[in-house]
Amino acid sequence: MSKKSSLGRGLNALIPNKKGTEAGGSTQVQTLNLERVTQAAYQPRQVFEPESLAELAQSIREKGVLQPLLVRPRGDAFEIVAGERRWRASQLAGLTEIPVIIRDLADREALEIAIIENLQREDLGPLEEARAYQALLDHGLNQEGVAQAVGKGRSTVTNALRLLSLPESALKALDSGAISAGHARAILAQPEKDRAWALEQITARRLNVREAEALKRETKTHQPIKVNPPRAYKQVELDLSRRTGTKVRITGEDKGKVEFNYASREELDRILHLLGYEADE
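It should be emphasised that the depicted structure is a prediction, and the values quoted were computed from it without experimental measurement.

Peer 1: Help me understand the sheet that holds strand β3 (residues 69-74) in this model?
Peer 2: Across a sheet, strands are paired by hydrogen bonds formed along the backbone, either parallel or antiparallel in direction. With mixed pairing, the 5 strands of this open sheet are ordered in space as β1-β5-β3-β4-β2. In this open sheet, the two strands that pair with only one neighbour each are β1 (29-33) and β2 (37-38). Bridge count between β2 and strand β4 (residues 77-82): 2 bridges; the pairing is parallel. What sits directly across from T38, in β4, is E79. Packed on one face of the sheet, helix α4 (residues 84-93) meets β2, β3, β4 and β5 (97-102) and runs near 120° to β4.

If you want it as structure tokens, here you go:
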């Protein structure tokens, strides 16, 4: 069975139940001393809310750890692949042992499982999600492969990755919760030179997303008058935009140019393919 189909079905396909060993390895639950379990090397989630951890710790004191952690061998220790929140709460609860399933997983498999676990629980913030996708790209997947691995649409992955191009001040604001992902996308819609200004306006004036999207910086410099394309070309623009899934602009009349917007090499390849272009091998 290919990894692509396994990942497409989600976390359960990668961490099978006791009825089978679909992804390879043992599913037997074992008990390990907490001191032998180490923090995840590939943990996309960076923020663990103290109040939520305290509530989970109280539940663990009363009921125990109901779902075992997934770990992989690392020397004499075992590294967490999925379940770091339970591990942290178990420490708070004063446990000395914890139930685990031990699997021998490669780095990319561990990263994929960690991402899927958090996405299925909706635990990742927008930047955590974007950085997790980037980590998969760094491990050799393209955007299409990332989308298939985590069971998301390619446009979802592309839009998430765009957040990483925010200016540093906006990244910090998004990480801290001072702005939302909707605000961040409104900032990215601004010209690059105006993005820091847009962030200042959003935070200082406490703008909602719709207000942020309507932001337009006034300029005193003379701007050339834009000549709108003939009416017939506007319909052609709309038709091409629908066909290619991207913004298209036609300028000029008897002579001019046609512009297709793209945000990545993969998107350019997709547009060229739609237009019937095939590169020579």
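Next, the rest of the story.
Peer 1: I tried to follow the pattern of salt bridges on my own but got confused; where do I start?
Peer 2: Pairing of side chains with opposite charge becomes possible as their charged atoms draw close. By the definition in use, this model includes 13 salt bridges. Ionic pairing is found between R88 and E84, a salt bridge with its closest N-O pair at 2.9 Å. One end of the pair, R88, and the other, E84, are both in helix α4, 4 residues apart, so they sit about a helical turn from each other. R88 gets classed as partly exposed once you look at its relative accessible area, which sits at 25%. The exposure class assigned to E84 is buried, which follows from its relative accessible area of 2%. Between R265 and D269 there is a salt bridge, with its nearest N and O atoms 3.2 Å apart.

Peer 1: Teacher, can you tell me more about the nonpolar core here?
Peer 2: Nonpolar side chains tend to gather and get buried jointly when the protein is soluble and globular. If you look at the biggest cluster of nonpolar residues, it comprises 20 residues, and the most contacted ones within it are V37, L69, V71, I98 and V100. Of all the secondary-structure elements, those providing two or more residues to this core are α3 (50-63), β3, β4, α4 and β5. No other element matches α3, which puts 4 residues into this core. When neighbours within four sequence positions are excluded, V71 is seen to be in contact with L32, V37, F78, E79, I80, V81, V100, I101, I102 and R103. Membership of the second largest hydrophobic core comes to 19 residues, among which are L171, L174, A184 and A186.

Peer 1: Would you mind going over the packing of helix α10 (residues 181-188) against helix α11 (residues 195-205) with me for this structure?
Peer 2: A pair of packed helices can be characterised by two numbers: the angle between their axes and the separation between those axes. Taken N-terminus to C-terminus, the directions of α10 and α11 make an angle of 145°; their axes are 9 Å apart at the nearest point. Pair α10 / α11 crosses with right-handed handedness. Contact residues: α10 offers H183, I187 and L188, while α11 offers R195, A198, L199 and I202. The residue makeup of the contact of α10 with α11, split by class, is 5 nonpolar, 1 polar and 1 charged.

Peer 1: How do you make sense of unusual backbone geometry when you look at a structure like this?
Peer 2: Excluding glycine, residues mostly have negative phi values, and the peptide bonds linking residues are mostly trans. The phi torsion at R206 lies on the positive side, around 50°, for a residue other than glycine. By the element assignment, R206 lies in the loop between α11 and α12 (209-213).

Peer 1: Whenever I open this one, the pairing of β4 confuses me. Can you help?
Peer 2: Successive residues of a regular strand alternate their side chains across the two faces of the sheet. When you tally the buried positions in β4, you get 6 out of 6 residues, the bulk of the element. Taking the residues that link successive antiparallel strands as the turn, the β3-β4 hairpin has 2 residues, and the phi of G75 there is positive, at about 65°.

Peer 1: Is there a simple way to explain the side chain of T244 in this structure?
Peer 2: Along the chain, T244 turns up in helix α13 (residues 231-244). Take T244: its relative accessible area is 1%, and that puts it in the buried class. In this structure, T244 is in contact with F260, R270, I271, L274 and L275, ignoring residues within four places of it in sequence.

Peer 1: In this structure, what is going on with helix α7 (residues 143-150)? I would like to understand it.
Peer 2: Residues lying three or four places apart along an α-helix face the same way, a consequence of the helix completing one turn every 3.6 residues. Counting buried residues in α7 gives 6 out of 8 residues, a clear majority hidden from the surface. When α7 is considered as a whole, its buried residues turn out to be Q143, G145, V146, A147, A149 and V150. Its side-chain oxygen 3.2 Å from the backbone nitrogen of E144, N142 forms the N-cap of α7. Of the residues one or two after α7, G151 is the one with positive phi, at around 70°.

Peer 1: Help me understand the packing of α3 against α4 in this model?
Peer 2: α4 packs onto α3 with a crossing angle of 70° between their chain directions and a minimal axis gap of 8 Å. Taken as axis vectors, α3 and α4 run roughly perpendicular relative to one another. Note that α3 runs across α4; the crossing there is right-handed. The segment α3 lies against α4, with S52, L53, A54, L56, A57, I60 and R61 engaging R85, R86, R88, A89, S90, L92 and A93. Split by residue class, the contact of α3 with α4 holds 8 nonpolar, 2 polar and 4 charged.

Peer 1: Explain the environment of L56 here, please?
Peer 2: Position of L56 among the secondary structure elements: in helix α3. Given a relative accessible area of 19%, L56 falls into the buried group. When the C-alpha atoms of L56 and A93 are compared, they prove to be 8.6 Å apart, with 37 residues separating the residues in sequence. L56 has contacts with R85, R86 and A89, leaving out every residue within four places of it along the chain.

What counts and how
- Residues numbered from 1 in each chain as written.
- Predicted model: local features only at pLDDT ≥ 70, side-chain atom pairs only at ≥ 80, totals over all residues.
- Heavy atoms only, no water.
- Pairing = 2+ DSSP bridges.
- Helix = DSSP H or I, 4+ residues; strand = E, 2+ residues; numbered from the N terminus.
- Contact = heavy atoms within 4.5 Å.
- Axes fitted to C-alpha atoms, helices over the stretch in contact; angles between N-to-C directions.
- Salt bridge = Lys/Arg side-chain N within 4 Å of Asp/Glu carboxyl O.
- Buried < 20%, exposed > 50% of the residue type's maximum accessible area, 1.4 Å probe, protein only.
- Core = buried A, V, L, I, M, F, W, Y, C linked by side-chain atoms within 4.5 Å.
- Left-handed = near helix turned anticlockwise from the far one by under 90°.
- Nonpolar A, V, L, I, M, F, W, Y, C, P; charged D, E, K, R; others polar.
- Polar contact = N/O pair within 3.5 Å; in protein donor to acceptor, adjacent residues only side chain to side chain.
- Parallel < 35°, antiparallel > 145°, perpendicular 65-115°, else oblique.

Structural measurements only, silent on function.
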